[in-house]
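# Results of the structural survey
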Amino acid sequence: LAFAEPTETTGNQFLYVKDLFNLKIPADLVVLSACETGLGEIKKGEGIVGIGKGFSYAGAKSMVTTLWRVSDNATANFMPLFYNNLKAGQAKDEALWNAKRQFIEKYRNAAHPFFWSGYVAYGNMAPIKFQHVNWSISLLLSLLLISIVVFFVARYLVRK
């Protein structure tokens, strides 16, 4: 993956599969929606070794990759459908399948399989358990923290 065009000051901005083998990435899901992220080099005894396999070795439990050059516009419309389905508690494979169906229904001019069928999921397909933030507790703790800071600042200013 290329993150940026290399310059004299930044140097190499590339991430290679070999770099992933030494990382610990305990992600529940890695989505690689760029072009051909599900492809790689065929190695005897290993199968296809590509960026997706690198993330698997690094600890990612599941992956969504692409099998060919995908359309940027279609991807920009497709991925929010997938993420909304995940957020609704659907299993990863179900969320991907439903996103494909929703995409066809919503973007009839892009209903050709080229625009949506290149996305594949593999690994642990269990739903993602999102942690919900209790905003009232967060607000109360923030106010308490602000009060403590104001107290100590006021105390400092009075002594000065």
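Each value, and the rule that gives it
Residues numbered from 1 in each chain as written. Predicted model: local features only at pLDDT ≥ 70, side-chain atom pairs only at ≥ 80, totals over all residues. Heavy atoms only, no water. Core = buried A, V, L, I, M, F, W, Y, C linked by side-chain atoms within 4.5 Å. Buried < 20%, exposed > 50% of the residue type's maximum accessible area, 1.4 Å probe, protein only. Helix = DSSP H or I, 4+ residues; strand = E, 2+ residues; numbered from the N terminus. Contact = heavy atoms within 4.5 Å. pLDDT = per-residue confidence, 0-100. Pairing = 2+ DSSP bridges. Phe/Tyr/Trp six-rings, centres within 6.5 Å; stacked < 30°, edge-to-face > 60°. Salt bridge = Lys/Arg side-chain N within 4 Å of Asp/Glu carboxyl O.

## Some thoughts on the nonpolar core
In terms of nonpolar packing, the biggest core is built from 18 residues, with Leu29, Phe78, Phe82, Leu86, Phe103 and Tyr119 touching the most fellow members. The set of elements that each furnish at least two residues to this core consists of helix H3 (72-87) and helix H4 (92-106). With sequence-adjacent residues up to four places away left out, Phe78 is seen in contact with Leu96, Ala99, Lys100, Phe103, Trp116 and Tyr119. Leu20, Leu32, Ala60 and Met63 belong to the second largest nonpolar core, which has eight residues in total.

## Quick look at the confidence of the model for the protein
Caution applies to low-pLDDT parts of the model: their predicted coordinates are not meant to be read in detail. Averaged over all residues, the pLDDT of the protein equals 84, while 91% of them reach at least 70. Element-level mean pLDDT values for the protein span from 73 in helix H5 (residues 135-159) up to 96 in H4.

## Here's the deal with the pairing of strand E3 (residues 47-50)
In terms of strand pairing, strand E2 (residues 40-43) meets E3 through four bridges, oriented antiparallel. Residue pairing in the sheet places Ile42 in a bridge with Ile48 of E3.

## Topic: unusual backbone geometry
Located in the positive-phi region is Glu36, a residue other than glycine, with phi close to 55 degrees. Considering the arrangement of structural elements, one finds Glu36 in the loop between strand E1 (30-31) and E2. By relative accessible area, which is 35% here, Glu36 ends up partly exposed.

## Describing the environment of Gly50
With respect to the element layout, Gly50 can be found in strand E3. For the pair Gly50 and Thr37, spaced 13 residues apart in the sequence, the C-alpha separation amounts to 7.3 Å. When residues no more than four places from it in sequence are discounted, the contact partners of Gly50 are Val17, Leu39 and Gly40.

## Observations concerning the packing of aromatic side chains
Under the counting rule described, the total for this entry stands at six aromatic pairs. Centroid distance Phe78 to Phe103: 6.0 Å. Interplanar angle 70 degrees. Geometry classified as edge-to-face. Residue Phe78 is found in helix H3, and its partner Phe103 is found in helix H4; the two are separated by 25 residues along the sequence. Both residues of the pair, Phe78 and Phe103, count as buried.

## Observations concerning the pattern of salt bridges
For the coordinates displayed, the defined rule picks out two salt bridges. Here Lys92 ties to Asp28 by a salt bridge, and the two come within 3.3 Å at their closest N and O atoms. Taken together, the residues Lys92 in helix H4 and Asp28 in the loop between helix H1 (17-20) and E1 connect sequence positions 64 residues apart. Taking the relative accessible area as the measure of exposure, Lys92 reaches 1% and is therefore buried. Of the residues examined, Asp28 reaches a relative accessible area of 25% and is grouped as partly exposed.

## Looking at the sheet that holds E1
Reading across from one edge, E1-E4-E5 is the order of the three strands in this open sheet, with mixed pairing throughout. In the strand order of this sheet, the two ends are held by E1 and strand E5 (119-123), each with one partner. In terms of strand pairing, strand E4 (residues 62-66) meets E5 through five bridges, oriented antiparallel. By the bridge assignment for E5, Thr66 is matched with Tyr119.

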